[in-house]
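Single-letter residue listing:
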Amino acid sequence: MFSGVDAATLWAALEAAVEQSSFALYVARIDTDPATILYASQLAAEIVGRPRESLIGAPPWSSLTAEDQLRIQQMIARPSADVPPSSLDLTVQRPDGVRVPIRLGRTRLVTPN
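Fair warning: this is a prediction, and the values are worked out from it, not measured in the lab.

Undergrad: How should the side chain of serine 41 be read in this particular structure?
TA: Tracing the chain through its elements places serine 41 in the loop between β2 (36-40) and α2 (42-48). If we ignore the near neighbours within four places in the chain, the residues touching serine 41 are Val18, Glu19, Phe23, Ala24, Leu25 and Arg52.

What follows is the structure in structure tokens.
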């Protein structure tokens, strides 16, 4: 509980705020093998040209160009002492072949055990 608000209500409010913003958002878990997308906003799905549902469970680099996929995979594999940049210029490769330049901002969230 968070100030009397249950997790489902809080999640719904956060999702509504994301959908009203002009930011594409996805949440990925990268400390598991394989790394997977847990949440993707509708705008994120539109940018990558895939249904939102198909992004959930996919690797977070799955919609990037091959060269950017390798770049992200190498960054994730780095020891935790290396701090990756807070934003990256990458290119999405849509299923129709269109390439879309994006700036990916990243934030690392650590949850208590």
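Undergrad: It is not clear to me how the pattern of salt bridges should be interpreted in this structure. Could you clarify?
TA: Oppositely charged side chains can pair when the atoms bearing their charge come close. Going through the model one piece at a time under the given rule, you end up with five salt bridges. Among the ionic pairs, arginine 103 bridges to aspartate 89, the shortest N-O distance being 2.8 Å. Of the two residues, arginine 103 is situated in strand β4 (residues 99-105) and aspartate 89 in strand β3 (residues 87-93); the sequence distance between them amounts to 14 residues. Among the residues examined, aspartate 89 registers a relative accessible area of 46% and is labelled partly exposed. Across the pair aspartate 96 and arginine 94 runs a salt bridge whose closest N-O atoms are separated by 3.7 Å. For arginine 94, a relative accessible area of 24% corresponds to the partly exposed category.

Undergrad: Where do I start with helix α4 (residues 66-77) in this structure?
TA: Every α-helix carries 3.6 residues per turn, so stepping three or four residues along brings you back to the same face. Taking 1.5 Å of rise per residue, twelve residues should cover 16 Å, and α4 covers 17 Å from first to last C-alpha, within 8% of that figure. Within the sequence span of α4, burial applies to Asp68, Ile72 and Met75. With its buried residues spanning 60 degrees around the axis, α4 presents them on a single face. Exposed positions of α4 whose direction lies more than 90 degrees from the buried face are Ala66 and Ala77. Summarising the contacts, the buried residues of α4 are in contact with β3.

Each value, and the rule that gives it
- Residues numbered from 1 in each chain as written.
- Predicted model: local features only at pLDDT ≥ 70, side-chain atom pairs only at ≥ 80, totals over all residues.
- Heavy atoms only, no water.
- Helix = DSSP H or I, 4+ residues; strand = E, 2+ residues; numbered from the N terminus.
- Contact = heavy atoms within 4.5 Å.
- Salt bridge = Lys/Arg side-chain N within 4 Å of Asp/Glu carboxyl O.
- Buried < 20%, exposed > 50% of the residue type's maximum accessible area, 1.4 Å probe, protein only.
- Expected span 1.5 Å × (residues − 1).
- Arc of directions from axis to C-beta.

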